[in-house]
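# Working through the structure, step by step
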Amino acid sequence: MSNMNDVIGLRIQYGNSNGQFDTEYEPATGTIWGYFNPSGRPCFSLGLLRDIRLHDSALAVNGGKVDIDGDLHTPKFYVCGSRVPGVFNLGGDLSLFLMLIRSKDRQALAAYARMCIDNMFARIQNYYSQNLITLSMVQGDALGGGFECALSSDVVIAERGVQMGLPEILFNMFPGMGAYSLLARRIGMREAEKMILSGRMMSAEELHDAGVVDVLAQPGEAEAAAAEWIARTARRHNGTQAVFRARTLVQPITRQELDSITDVWVDAAFRLTEKDLRMMGRLVRSQLRLTERVEETELPAEPLAAAM
């Protein structure tokens, strides 16, 4: 693997510098680098969802162009990663789910689900641009909605040893923000259902063998692997982008489909028993303990599966 400095060029920071989603633009390769940088637990909180949407809606409004101090640039690639050591994203805000379910606030839970789909569908549609190829750069564990987010890109790059999975079945739920549709596109409905119903954490290596992960990187080298993939693809960007668009035509995922699945998800959430909710609470506490260890050490965390 090449030294990262050999394959990554000068980047320009732009967007909301005080937000929870850091964005940089690399003019030499036409690449947007977006990083989750959440406050507190590394899940899809309302704040993180809003900051992602603030950036991505501006991208869509500008016709897939990046506004750098009033100058519009046409990006070719959009990489999504995380600033949190050892964690890509832990998924939905389970503590918020618990509060809304117990308070019987169906409208608020449905609104949260719609915010997630707003972000997911825009990425699935490549921000309505005929030029963008999207990549997920998974350098740490990805659970539930975090795994769904990774799957929403054209290309999934993950480091060896990283754990990914859909644990929702452990508290009698299912991942309702795109997992079924996105996994079915990659590995078929039957295998998607088996993965969802298992609730099992899987390594990047297993998921690569299954056809879910596209590129395996060595630990600590996912960013270099993403940069190298972009460099190799640059000369055939037009053809590669067209192949990925053909994929969406052969196996389309519509907004109506995703919205209908979130309706099923909300219905299921309000059928959970107190025992199910206690199990969800245990998972929240496990995630909090993991987050505390990351913040204390500022070193890569142990896999979340070991903390559960």
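First, a word on what this report is: a plain description of the structure on this page. Worth saying up front: this structure is predicted, and the values here are computed from it rather than measured.

Thresholds, definitions, all that
Residues numbered from 1 in each chain as written. Predicted model: local features only at pLDDT ≥ 70, side-chain atom pairs only at ≥ 80, totals over all residues. Heavy atoms only, no water. Core = buried A, V, L, I, M, F, W, Y, C linked by side-chain atoms within 4.5 Å. Buried < 20%, exposed > 50% of the residue type's maximum accessible area, 1.4 Å probe, protein only. Helix = DSSP H or I, 4+ residues; strand = E, 2+ residues; numbered from the N terminus. 1 Å grid on protein atoms, 1.4 Å probe; cavity = no way out; pocket = protein on both sides within 12 Å on 5 of 7 lines; lining within 4 Å. Points joined across faces, edges and corners; volume = space filled by probe spheres on them. Nonpolar A, V, L, I, M, F, W, Y, C, P; charged D, E, K, R; others polar. Polar contact = N/O pair within 3.5 Å; in protein donor to acceptor, adjacent residues only side chain to side chain. Contact = heavy atoms within 4.5 Å. Salt bridge = Lys/Arg side-chain N within 4 Å of Asp/Glu carboxyl O. Phe/Tyr/Trp six-rings, centres within 6.5 Å; stacked < 30°, edge-to-face > 60°. Lys NZ or Arg CZ within 6 Å of the ring centre and 35° of its normal.

### As for the nonpolar core
- Judged by nonpolar contacts, the single largest core of 70 residues is most densely connected at F36, V138, F147, M164, L183 and M280.
- By residue number, the principal contributor to this core is helix α4 (residues 106-124), which donates 9 residues.
- By size, the runner-up hydrophobic cluster in this structure holds 18 residues, among which are W33, Y35, L135 and V215.

### Side note on the layout of surface pockets
- One number sums up the size of the second largest pocket: a volume of about 210 Å³.
- Together, 14 residues line the second largest pocket, and Y14, G15, L54, H55 and A58 are the ones closest to its centre.
- Elements that contribute at least two residues to the lining of the second largest pocket include exactly β2 (21-26), α2 (46-61) and β4 (66-68).
- Among the elements that line the lining of the second largest pocket, the one with the most residues is α2, at 5 residues.
- Within the lining of the second largest pocket, the residues separate by chemical class into 6 nonpolar, 5 polar and 3 charged.

### Considering unusual backbone geometry
- A positive phi angle, near 60 degrees, is found at K104, a position not held by glycine.
- A positive phi angle, near 55 degrees, is found at N126, a position not held by glycine.
- Given the relative accessible area of 1%, N126 is considered buried.

### Observations regarding the side chain of R186
- Here R186 is to be found in helix α6 (residues 179-187).
- Within polar-contact distance, the side chain of R186 engages the side chain of D214 at 3.2 Å.
- Excluding residues that lie within four positions of it along the chain, R186 makes contacts with L151, S153, D154, V155, V156, G211, V212, D214 and R247.

### Some thoughts on the pattern of salt bridges
- For the coordinates displayed, the defined rule picks out 15 salt bridges.
- Its salt-bridge partner being D154, residue R245 comes within 3.1 Å of it at the nearest N-O pair. One end of the pair, R245, is in helix α10 (residues 237-250); the other, D154, is in the loop between α5 (145-151) and β10 (155-159), with 91 residues separating them in the sequence. The residues R245 and D154 share a single accessibility class, namely buried.
- Two residues, E191 and K194, come together in a salt bridge whose shortest N-O distance is 3.5 Å. You can see E191 and its partner K194 sitting in helix α7 (residues 189-198), 3 residues apart, about one turn around the helix.
- Classification of E191 as partly exposed rests on a relative accessible area of 35%.
- Connected via shared salt-bridge partners are R11, D22, E24, R83 and E223.

### A few points about the packing of aromatic side chains
- Counting across every chain of the model gives 7 aromatic pairs.
- When the centroid spacing of 5.2 Å and the interplanar angle of 70 degrees are considered together, the rings of F97 and W265 count as edge-to-face. Taken together, the positions of F97 in helix α3 (residues 94-102) and W265 in helix α11 (residues 255-269) put the pair 168 residues apart, joining distant regions of the chain. The pair F97 / W265 is uniform in exposure class, with both members buried.
- An aromatic cluster of at least three residues, connected via ring pairs, comprises F21, F36, F44 and F88.
- Here the guanidinium or amino end of R83 rests over the ring plane of Y35, the centre of that ring lying 3.9 Å away.
- For R123, the ring lying beneath its charged end belongs to Y78, and the centroid distance is 4.4 Å.

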